[in-house]
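# Survey of secondary and tertiary structure
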Amino acid sequence: MDLKDLYRDVILDHNRQPRNFGPLENADAHADGHNPLCGDRLTVWVSLQGDRIADVHFEGKGCAISTASASLMTEAVKGKDTATVRRLYEQVHTLLTHPNTTPDASLGKLAALGGVSEFPARVKCATLCWHTLSAALDRSADAVTTE
Amino acid sequence: MNTAAAVAAPLDAERVRRDFPILAQQVNGHPLIYLDSAASGQRPNAVLRAVERYETHHHSNVHRGVHALSQTATEAFEGARERARRFLNARSRREIVFVRGTTEGINLVAQAFARPRFGPGDEILISGLEHHANIVPWQMVCEQTGCALKVAPIDRRGEVDLERLFGQLTARTRLVAVAHVSNALGTILPVERIVQAAHSCGALVLLDGAQAVPHTAIDVQALGCDFYAFSGHKLYGPTGIGVLFGREELLEEMPPWQGGGDMIRTVSFEKSTYNELPWKFEAGTPNISGAVGLAAAMDYLEGLGIEAVAAHEQRLLALATAELNRIPGLEIIGTAAHKAAVLSFTLRGCHPHDLGTILDSEGVAIRTGHHCAMPVMTFFDIPATARASFGCYNTEADVYALVAALGKAREVFG
Ligand SMILES: Cc1ncc(COP(=O)(O)O)c(C=O)c1O
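Now for a look at the structure at hand. Quick caveat, the model's predicted, so the values are computed rather than measured.

## Quick look at the overall build of chain B
- When helices and strands are counted, chain B shows 15 helices and 17 strands.
- Taking 414 residues into account, the globule formula puts the C-alpha radius of gyration at 22 Å, and chain B, at 22 Å, falls close to it.
- Over its C-alpha atoms, taken along the principal directions, chain B stretches across nearly 75 × 55 × 40 Å.
- For chain B, with 414 residues in total, the buried portion stands at 58%.
- Contacts spanning at least 24 positions in sequence make up 71% of the contacts within chain B whose residues lie at least 6 apart.
- Summing over all exposed atoms, chain B offers an accessible surface of approximately 16,400 Å²; the carbon and sulfur share of this is 52%.
- When the 37 positive and 44 negative side-chain charges of chain B are each reduced to one mean point, those points stand 1 Å apart.

So this is what it looks like as structure tokens:
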């Protein structure tokens, strides 16, 4: 169990300076995520162009893993269609829960979360943002279908 | 602190430590530094052996058979009840109900005492620093009966505002339910004064003693409380066993809580009659080995001397408070004048959850989160705290290990 593997520079950097942080004007949907065990809370906003995520922001109070994971996620999913985003999350989930997996090149900077798999108690911190994004996307889909 | 503490021989924590085999292990390549006794204490050999002896030689069901083992098991179980009576200085064994823990004890009072009696216009008064176990059961009673829950606020130091609490005591107040010691902040509440004030308004008092029993000798007659609940596992005893003390007159009037074996005298399909106290409240086969272990834990703690343990922990608390206050960006949450050995804190720039992981990687076990006291976190406007708590086996070296590990956290998040 190596702390340096968990708190890699990319993680510390995104924790200190989260990207795409703060409410998104004219968002199509947003969702709140809460992890009552550790008190982490975050909100994810998305705006869509057809099936593509045109922009995504988040805001919240959480530990370094949850903040960095959300920040990295916003960078990774921008411009992607929802099916690709869901596949990406599956890959991230595998990375988070299987120690010693070699991250797929398509994960890009998200590979920095690989150290989390050594710390099972922290997996939930890293997945909160993805669940919240998924809820926001479901909501925007609802909004579209009810039109 | 009373004079007994001053004259008691100081605790030899290094020796005490050797009574706890679990502490002699490495965690993540470091010697384990266990600073989470407020969540659960560890068990000394005396408790482990008592449970093993019971399981190896004496186990059977209680109160049921004429065979030898059933009798020794019953003697062990009822002997543990007598031990608990002495521990609390209750008048009678009839006042000692074995439960799973503090949570179950409070729920028993909520459902068997409050629910049948309280109604619209009645009030239950708690404080702003309660554990969820002393909030939610009362909310359930309020929903069931239409009575109202009132909360006496705390101040920035984490002390209950006594003036406000006294002001909230009215003729409508039926029950005051407060912690003896706060698990999230360490605050020791002035429970004698609260009991007096409540009684003079005609209200009864339940004390949540979960965090008090490992640090304070309890005398329920001197306290004057009507109910007192605690858990064995915070007292260096097993999990799944605890005690609810209730004044005999009150327990006598209360209907049973759960139905089943052991709690009855006669059963027919038309009507059943109930057993006498305390068995009326103990439906089903109880946690016999747990009670045996709990009795051994009480022997162990009183053997060390609760005053000596408390004085030792107070020295550690003072040292840790001084050391932590020197760390830039560290804020201690809970600065009451009278505190048990519980130290909640936050470190600027480092979320408690990250702190917990970093300290764990150094072998230092602390608790992080809301400590089952979400309203306390809301009051201080923080999502969580890190909490170090000290028990009879902790040493000054443990405090310095904590300080060093916090230095490591500041390095990572510098
Ligand atoms: C003050 C307080 N009350 C109640 C409880 C609940 O105890 P248990 O979980 O053993 O029932 C705890 C334990 O964390 C506590 O600290």
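That was the structure; now back to the text.
## Remarks on the interface of chain B and chain A
- Taken together, the contact between chain B and chain A spans 18 residues of the former and 21 residues of the latter.
- Summed over both partners, the interface of chain B with chain A comes to about 1,400 Å²; 61% of that surface belongs to carbon and sulfur atoms.
- Where chain B touches chain A, the interface holds one salt bridge.
- As a salt-bridge pair, D354 of chain B and R122 of chain A come within 2.9 Å of each other at their nearest N and O atoms.
- Viewed at the interface, chain A and chain B are joined by five residue pairs in polar contact (both at pLDDT 80 or more).

## Notes on the environment of L343 of chain B
Residues and elements named next belong to chain B.
- Tracing the sequence through the fold places L343 in strand 14 (residues 342-347).
- For L343, a relative accessible area of 0% translates into the label buried.
- For L343 and L319, which are 24 residues apart along the polypeptide, the C-alpha to C-alpha distance reads 11 Å.

## Examining the state of the cysteines
- In this structure the tally under the stated criterion is zero disulfides over all chains.
- Its sulfur unpaired, C147 of chain B is 3.8 Å from the next cysteine sulfur, which belongs to C142 of chain B.
- Accessibility expressed as a relative area gives 6% for C147 of chain B, which makes it buried.
- Between C350 of chain B, a cysteine without a disulfide, and C63 of chain A, which holds the nearest cysteine sulfur, the sulfur-to-sulfur distance is 9.7 Å.
- Using a relative accessible area of 5% as the deciding quantity, one classes C350 of chain B as buried.

## Describing helix 2 (residues 9-16) of chain A
Residue and element names in this part refer to chain A.
- Taken residue by residue, helix 2 has I11, L12, H14 and N15 as its buried positions. Considered in projection along helix 2, the buried side chains sweep an arc of 165° and stay on one side of the axis. When the buried face of helix 2 is taken as reference, the exposed residues oriented beyond 90 degrees from it are D9 and R16.

## Quick look at the site of the ligand
Residues and elements named next belong to chain B.
- Near the ligand you find G101, T102, T103, H131, A133, N183, D208, A210, Q211, S231, H233 and K234, and these make up its full shell.
- The contact in question runs from an oxygen atom of the ligand to an N or O atom on the side chain of T103, over 2.5 Å.
- Here an oxygen atom of the ligand sits 2.7 Å away from a polar atom, N or O, in the side chain of Q211.
- When the ligand sits alone it has 390 Å² of accessible area, and the protein chains cover 84% of it.
- Residues that form the shell around the ligand fall into these classes: two nonpolar, eight polar and two charged.

## Here's the deal with the pattern of salt bridges
Residue and element names in this part refer to chain B.
- By the definition in use, this model includes 31 salt bridges over all chains.
- A salt bridge links R83 to D299; the shortest N-O distance between them is 2.4 Å. Here R83, found in helix 4 (residues 68-88), pairs with D299, found in helix 11 (residues 288-304); they are 216 residues apart in sequence, far enough to count as distant.
- Taking the shortest distance from any N to any O, the salt bridge between K408 and E362 comes out at 3.7 Å. One end of the pair, K408, is in helix 15 (residues 396-412); the other, E362, is in the loop between helix 13 (352-361) and strand 15 (364-365), and 46 residues separate them in sequence.

## A word on the side chain of H57 of chain A
- Mapping H57 of chain A onto the fold places it in strand 3 (residues 52-61).
- Ignoring sequence-local partners within four residues, the contact set of H57 of chain A consists of N20, F21, G22, P23, L24, T43, V44, W45 and T74 of chain A.

## Points about the packing of aromatic side chains
- Counted by the stated rule, this structure contains 13 aromatic pairs over all chains.
- Within the aromatic cluster, the residues linked to one another by ring pairs are F20, Y34, Y236, Y300 and Y393 of chain B.

## A closer look at the side chain of H180 of chain B
Residue and element names in this part refer to chain B.
- Its location among the elements puts H180 in the loop between strand 7 (173-179) and helix 8 (191-200).
- For H180, a relative accessible area of 6% translates into the label buried.
- Among the polar contacts made by the side chain of H180, one reaches the side chain of Y228 at a distance of 2.8 Å.
- For H180, the contacting residues outside a window of four places in its chain are T187, I188, L189, V191, D208, G209, A212, I218, L223 and Y228.

## Quick look at the sheet that holds strand 8 (residues 204-208) of chain B
Residues and elements named next belong to chain B.
- In spatial order, the strands read 4-10-9-8-7-5-6; together these seven strands make up an open sheet with mixed pairing. In this open sheet, the two strands that pair with only one neighbour each are strand 4 (96-99) and strand 6 (148-152). On average, each strand axis in the sheet is inclined to that of its neighbour by 20°, with strand direction left out of account.
- In this structure, strand 8 lies alongside strand 9 (residues 227-231), joined through three bridges in parallel fashion. The residue bridging D208 from the neighbouring strand is A229, located in strand 9.
- The sheet contacts of helix 8 involve strand 7 and strand 8, and relative to strand 8 the element is tilted by about 155°.

## Some remarks on the nonpolar core
- Counting residues in hydrophobic clusters, the biggest one holds 78 residues, and the most contacted among them are L88, V176, Y228, F230 and C392 of chain B.
- With 11 residues, helix 11 of chain B is the largest single contributor of residues to this core.
- Discounting residues that sit within four places of it in the chain, Y228 of chain B has contacts with L88, H180, L207, G209, A212, V213, I218, V220, L223, V243, L244 and F245 of chain B.
- Membership of the second largest hydrophobic core comes to 74 residues, among which are C125 and C129 of chain A together with I33 and I366 of chain B.

Definitions and limits used
- Residues numbered from 1 in each chain as written.
- Chains lettered and ligands numbered in written order.
- Predicted model: local features only at pLDDT ≥ 70, side-chain atom pairs only at ≥ 80, totals over all residues.
- Heavy atoms only, no water.
- Helix = DSSP H or I, 4+ residues; strand = E, 2+ residues; numbered from the N terminus.
- Rg over C-alpha atoms; globule rule 2.2 N^0.38 Å.
- Buried < 20%, exposed > 50% of the residue type's maximum accessible area, 1.4 Å probe, protein only.
- Contact = heavy atoms within 4.5 Å.
- Areas by Shrake-Rupley, 256 points an atom, 1.4 Å probe, with all protein chains shown as cover.
- Lys, Arg positive; Asp, Glu negative; His and termini not counted.
- Charge placed at Lys NZ, Arg CZ, Asp CG, Glu CD.
- Buried area = accessible area lost by both parts, 1.4 Å probe.
- Salt bridge = Lys/Arg side-chain N within 4 Å of Asp/Glu carboxyl O.
- Polar contact = N/O pair within 3.5 Å; in protein donor to acceptor, adjacent residues only side chain to side chain.
- Disulfide = S-S within 2.5 Å.
- Arc of directions from axis to C-beta.
- Near = heavy atom within 4 Å.
- Nonpolar A, V, L, I, M, F, W, Y, C, P; charged D, E, K, R; others polar.
- Phe/Tyr/Trp six-rings, centres within 6.5 Å; stacked < 30°, edge-to-face > 60°.
- Pairing = 2+ DSSP bridges.
- Axes fitted to C-alpha atoms, helices over the stretch in contact; angles between N-to-C directions.
- Core = buried A, V, L, I, M, F, W, Y, C linked by side-chain atoms within 4.5 Å.

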